[in-house]
Amino acid sequence: MPFKNGEMAVQELGSSNYKNRDAEDMAKQGKKQQFQRNFGFLSMLGFTTTMMCTWEAVLFQAKFLSWVTGWMAMIGWWANTAAGVYFAATVTQGLVVLNYPNYVLEGWQGTLMMFAALIICVIVNSIGAKLLPQVEGLILIFHIAGLFAILISLVYLAPHKDASFVFGAFENGSGWNNASLTWLIGLAGTNLPFIGYDNIQVTEEVINASIIVPWCMIGTILLNGTLGFVIVVAFLFCIGNVDDVLNSATGYDFIEVFYAATKSHAGTSVMTAIPTALVICASFGFLASASRLIWAFARDRGLPFSNFLAHVSSESALPLRAVGLCACITGSFNAIISLTTAGLFGSYEIAIVLMLIKKIRGEPIPYGPWKLGKFGIIINIASICFLTIAIFFSFFPAEMPVTLASMNWSIVGFTGEFLIGLVWYLISGMKAYNGAVIESGVNR
């Protein structure tokens, strides 16, 4: 089987004429190839998998909804990138608390650590960008091996709860009186690991993209869904005293569970370092996706200063200005999980609703090699129902009574970000943005 750049080439998922298919796909969209296609199936699967650590009626409406979809997706990816580096920084602080009990955890120190993690991501996405496909393949291996390293240690060392606790008990410590409402609000935390597989932003850098990208999206869900279910079940069996875990001085329940299992600061630090390192690696992909989205949106004149942001470096073939802007915006974000959910899920739902309308009306749809067939409408309806529920309850506070510290401010952040973009669109953007730009010299 052929190899390219140290990994399997993509002929196993398509014909040997994949270069012609890539060119045809770009021409259908009216776009010129500007990035180098360095990603194959394994590196792209690593890219999408690790990022999940475990995204019409009249012409004006179509154009406006197109812009709204892009803007909401950007909000989601900015927040997702911020969540990645924030998690890495605050977990590191938690380890310091564990190893040095006299350490006083300060928010500003976590912010500085967050900036440090963000700088690493910027370096990887600029100076080290050519190595990113190879790195993502290695991260995929680390992603799987790291899970088994933690899983085996946890199951072997920790005391175990019985199956009735894991599968039959329901504990509600949120302050909400209704168990069903508590479950729906809790979806925000469980939805986050299933965000990040929709990396259409980097499609132009993927070989045989119309085959590879859909397979990676499905493969990512299957792989991470399986791994996630395994670690959740194991974690519940090994959780120990629930009150101690939830009130851990480290700020993270899993650190307390690791320590209860190992009875060792060193062992706990090593086990915690694995998911922390993986989240930093995932943030490489978060920043790459967010910056490509900025670049693509600017190329279609959907952003202020589009000409500046749509620039691609002639030396590196990278959108370095978009990378820089994304890093600056990410650094100013607070890591609000619900903002990620609302932004990305909202962009998904708009696209699915419009696709469903076209199917119901019987309008022609220019499908690629991948489609859902006769189950498409059923899947679309189910997706819309789920996304509506997930978005709605993502704005609820996680616990009652609500304080300034426990309030879910994502509705304020999301509304503010959306209104900023909307004001620009109404004043200037609607004159410049007309949907996807058909580039000159492209034969469709």
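Fair warning: this is a prediction, and the values are worked out from it, not measured in the lab.

## Observations regarding the state of the cysteines
All chains considered together, the criterion is met by zero disulfides. Residue C281 stays outside any disulfide, its sulfur separated by 8.7 Å from that of C121, the closest cysteine. With a relative accessible area of 15%, C281 lands in the buried category.

## Looking at a nonpolar patch on the surface
A cluster of nonpolar side chains, namely W215, I218, L222, W370, L372, F375, I378 and I379, defines an oily patch on the protein surface of about 790 Å² accessible area. Secondary-structure elements contributing two or more residues to the nonpolar patch are α9 (209-237) and α16 (376-393). With three residues, α9 is the largest single contributor of residues to the nonpolar patch. Here I218 is to be found in helix α9.

## Some details on the packing of aromatic side chains
Tallied over the full model, the rule gives 20 aromatic pairs. Ring geometry for F345 against Y348: centres 5.8 Å apart, planes inclined by 40 degrees, an arrangement best described as tilted. Linking F345 with Y348, this pair stays in helix α15 (residues 337-361), spanning three residues, or about one helical turn. Residues F345 and Y348 agree in their burial class; the two are buried.

## What about the confidence of the model for the protein?
Of the residues in the protein, 80% have a pLDDT of 70 or more, and the chain-wide mean is 79. Confidence over residues 1-16 falls short of pLDDT 50; this stretch has 37 contacts with residues more than four positions distant or in other chains. Counting contacts from residues 49-60, a segment whose pLDDT is below 50, to residues more than four positions away or on other chains yields 54 contacts.

## Things to note about the packing of helix α11 (residues 253-262) against helix α12 (residues 265-299)
Taken N-terminus to C-terminus, the directions of α11 and α12 make an angle of 140 degrees; their axes are 8 Å apart at the nearest point. Judged on the interaxial angle alone, α12 and α11 are oblique. Relative to α12, α11 is oriented so that their crossing is right-handed. Touching F254, I255, F258, Y259 and T262 of α11 are H265, G267, T268, M271, T272 and P275, all from α12. Among the residues forming the contact of α11 with α12, the class breakdown is six nonpolar, five polar and no charged.

## Section: the nonpolar core
Grouped together as the largest cluster of nonpolar side chains are 81 residues, with contacts concentrated most on W67, W71, M74, I294 and L303. Here the element with the most residues in this core is helix α3 (residues 59-99); it accounts for 16 residues. Setting aside anything within four residues of it in sequence, one finds I294 in contact with M74, W78, L303, L309, A322, L325 and C326. By size, the runner-up hydrophobic cluster in this structure holds five residues, among which are V206, A209, I212 and C216.

## Considering the pattern of salt bridges
Applying the stated criterion across every chain yields a total of two salt bridges. Residue K358 pairs with E363 through a salt bridge whose shortest N-O separation is 3.1 Å. You can call E363 partly exposed: its relative accessible area is 26%. Connected via shared salt-bridge partners are K358, R361 and E363.

## With respect to the side chain of S291
Examined against the element boundaries, S291 turns out to sit in helix α12. Using a relative accessible area of 0% as the deciding quantity, one classes S291 as buried.

## Description of the environment of A249
Within the secondary structure, A249 sits in the loop between α10 (242-246) and α11. Under the relative-accessibility criterion, A249 is labelled exposed at 64%. Along the chain, A249 and V97 lie 152 residues apart, while their C-alpha atoms are 7.1 Å from each other.

## Section: the environment of G76
As for its placement among the helices and strands, G76 is situated in helix α3. Classification of G76 by relative accessible area gives buried; the value is 0%. The spatial distance from the C-alpha of G76 to the C-alpha of G343 is 4.0 Å, given a sequence separation of 267 residues. In contact with G76, other than residues within four places in its own chain, are L339, T340, G343 and L344.

What counts as what
- Each chain has its residues counted from 1, following the order in which its sequence is written.
- Whole-chain, interface and lining totals are the exception, using all residues; otherwise, since this is a predicted model, local features are given only for residues with pLDDT of at least 70 and side-chain atom pairs are given and counted only at 80 or more.
- With hydrogens and water stripped out, all remaining heavy atoms of the structure feed into the side-chain values.
- When the sulfur atoms of two cysteines come within 2.5 Å, that pair is taken as a disulfide.
- Burial here depends on accessible area, computed with a 1.4 Å probe over protein chains only, as a share of the maximum for the residue type. Under 20% is buried, over 50% is exposed, and the range in between is partly exposed.
- The patch calculation keeps residues exceeding 30% relative accessible area without a salt bridge and links them within 9 Å when they carry like charges or within 5 Å when they are nonpolar (Val, Leu, Ile, Met, Phe, Trp, Tyr).
- Exposure was quantified through the Shrake-Rupley algorithm and a 1.4 Å probe, taking into account, for residues, occlusion by the shown protein chains and nothing else.
- A carboxyl oxygen of Asp or Glu within 4 Å of a side-chain nitrogen of Lys or Arg is what we treat as a salt bridge.
- Only DSSP runs of H or I with at least four residues qualify as helices, and only runs of E with at least two residues qualify as strands; both kinds are numbered from the N terminus onward.
- Whether two aromatic rings pair depends on their centres lying within 6.5 Å, for rings of Phe, Tyr and Trp, where Trp uses its six-membered ring; planes under 30 degrees apart make the pair stacked, over 60 edge-to-face, and the rest tilted.
- The pLDDT value expresses, per residue, how confident the predictor is, ranging between 0 and 100.
- Here, residues are in contact when the closest pair of their heavy atoms is within 4.5 Å.
- To define axes, lines are fitted to C-alpha atoms, for helices over the stretch in contact only, and angles between the resulting N-to-C directions are given on a 0 to 180 degree scale.
- For classification purposes, angles smaller than 35 degrees are called roughly parallel, those larger than 145 roughly antiparallel, those between 65 and 115 roughly perpendicular, and all remaining angles oblique.
- Take the far helix as your reference; a near helix turned counterclockwise from it by less than a right angle gives a left-handed crossing, and one turned clockwise gives a right-handed crossing.
- The classification used treats Ala, Val, Leu, Ile, Met, Phe, Trp, Tyr, Cys and Pro as nonpolar, Asp, Glu, Lys and Arg as charged, and all other residues, Gly among them, as polar.
- The criterion is simple. A nonpolar core is a set of buried Ala, Val, Leu, Ile, Met, Phe, Trp, Tyr and Cys residues joined through side-chain atoms within 4.5 Å.

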